[in-house]
Amino acid sequence: MLTKRLARIAECIPQCDVLADVGCDHGYIGIAALQRNTAQQVVFIDVSRRCLAKARQNCPPPLLGRSRFVCQDGLADVVADCAVIAGMGGLEILSVLNNARVLPQYLVLQPMRNQYDVRRYLLDGYRVTLDVKFFDGKYYDLILAQRSQTKCSATQLELLFGSTNLARPGRDFVEWLRLEQNKLQQILTNCNDAEVADKLHYVNAALQFVNAQPCDNTIN
Ligand SMILES: C[S@@+](CC[C@H](N)C(=O)[O-])C[C@H]1O[C@@H](n2cnc3c(N)ncnc32)[C@H](O)[C@@H]1O
């Protein structure tokens, strides 16, 4: 039932009392957390009534007593130890966090784009413990962060590519970098675009960096 992407996300959820599955749609991530007892309770949240109804329908009846279904925009007043926000754009994820009354202790994020903005936001208030790229038909980013009192810092390469990817490069991340390098080089053979050249510069720098690190086969 769980795709590789959903399984990777579910595996990252830390042990918690209350998990908020924000933008739950089908609800499979929150359901997996209940089945594995990673979360004692799950608040399934979706802005769409139709999607929330799907989650309720998919939730096995014995788990309904540990589940709450809330139709609303983002976290708002819901208090949770951990929030999983997956399959949304990075800017949508930031809007969910910015409208939360109480920020969760843990975040499991899978931004589809604008990963740079998400990483920059997390520096102030969170410590990133995992930031990996993995392949499941396409490439996805998975970020796990824990609340922190100290302001963290990151290099431009870490903001662009993710700290774990750089420190412990997995096979999928290295493959993605090579594909990006090829794609950007191809574009530059046809046009002289400064933005593309800039992107290629950072991809080359990341490749140089990861080539100096041992490959971590446990990541992918
Ligand atoms: C692409 S689905 C992702 C579903 C699931 N999280 C996953 O990763 O497979 C995005 C879901 O987020 C919901 N959504 C988008 N913005 C939202 C918001 N601000 N608050 C709550 N739900 C939202 C949409 O209605 C949709 O069901």
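Rules and cut-offs
- Residues numbered from 1 in each chain as written.
- Predicted model: local features only at pLDDT ≥ 70, side-chain atom pairs only at ≥ 80, totals over all residues.
- Heavy atoms only, no water.
- Buried < 20%, exposed > 50% of the residue type's maximum accessible area, 1.4 Å probe, protein only.
- Helix = DSSP H or I, 4+ residues; strand = E, 2+ residues; numbered from the N terminus.
- Domains from an automatic or database assignment.
- Contact = heavy atoms within 4.5 Å.
- Buried area = accessible area lost by both parts, 1.4 Å probe.
- Salt bridge = Lys/Arg side-chain N within 4 Å of Asp/Glu carboxyl O.
- Pairing = 2+ DSSP bridges.
- Axes fitted to C-alpha atoms, helices over the stretch in contact; angles between N-to-C directions.
- Near = heavy atom within 4 Å.
- Polar contact = N/O pair within 3.5 Å; in protein donor to acceptor, adjacent residues only side chain to side chain.
- Areas by Shrake-Rupley, 256 points an atom, 1.4 Å probe, with all protein chains shown as cover.
- Nonpolar A, V, L, I, M, F, W, Y, C, P; charged D, E, K, R; others polar.

## Observations regarding helix α2 (residues 28–35)
Of all 8 residues making up α2, 6 are buried, and the element is well covered by its neighbours. All of the buried residues along α2 are Ile29, Gly30, Ile31, Ala32, Ala33 and Leu34. In the stretch just after α2, Asn37 is the one whose phi turns positive, near 60 degrees.

## Examining the domain arrangement of the protein chain
What the domain assignment reports for the protein chain is domain 1 (4–151) and domain 2 (154–220). The straight-line distance from the C-alpha centre of domain 1 to that of domain 2 is 27 Å. In this assembly, 16 residues from domain 1 lie in contact with 18 residues from domain 2. Summed over both partners, the interface of domain 1 with domain 2 comes to about 1,300 Å²; 54% of that surface belongs to carbon and sulfur atoms. Looking at the side of domain 1 facing domain 2, the largest losses of area belong to Tyr116, Lys133 and Tyr139, adding up to 47% of the total buried there. Applying the counting rule to domain 1 against domain 2 returns 0 salt bridges.

## Concerning the sheet that holds strand β5 (residues 106–111)
The strand order across the open sheet built from 7 strands is β3-β2-β1-β4-β5-β7-β6, with neighbouring strands paired in mixed fashion. Two strands in the sheet have a free side with no partner beyond their single neighbour: β3 (67–71) and β6 (126–135). Here the average twist between neighbouring strands, direction ignored, is 15 degrees. The pairing of strand β1 (residues 16–22) with strand β2 (residues 39–46) spans 6 bridges and is parallel.

## With respect to the site of the ligand
Around the ligand, the surrounding shell holds 18 residues, and the nearest of these are Arg5, Gly23, Asp46, Asp73 and Gly74. One nitrogen or oxygen atom from the main chain of Gly23 is found 2.8 Å from a nitrogen atom belonging to the ligand. Burial of the ligand by the protein amounts to 80% of the accessible area it has alone, namely 600 Å². Where the shell around the ligand is concerned, the elements lending two or more residues are α1 (4–12) and β4 (82–88). At 3 residues, β4 tops the list of elements feeding residues into the shell around the ligand. Per-class residue counts for the shell around the ligand are 7 nonpolar, 6 polar and 5 charged.

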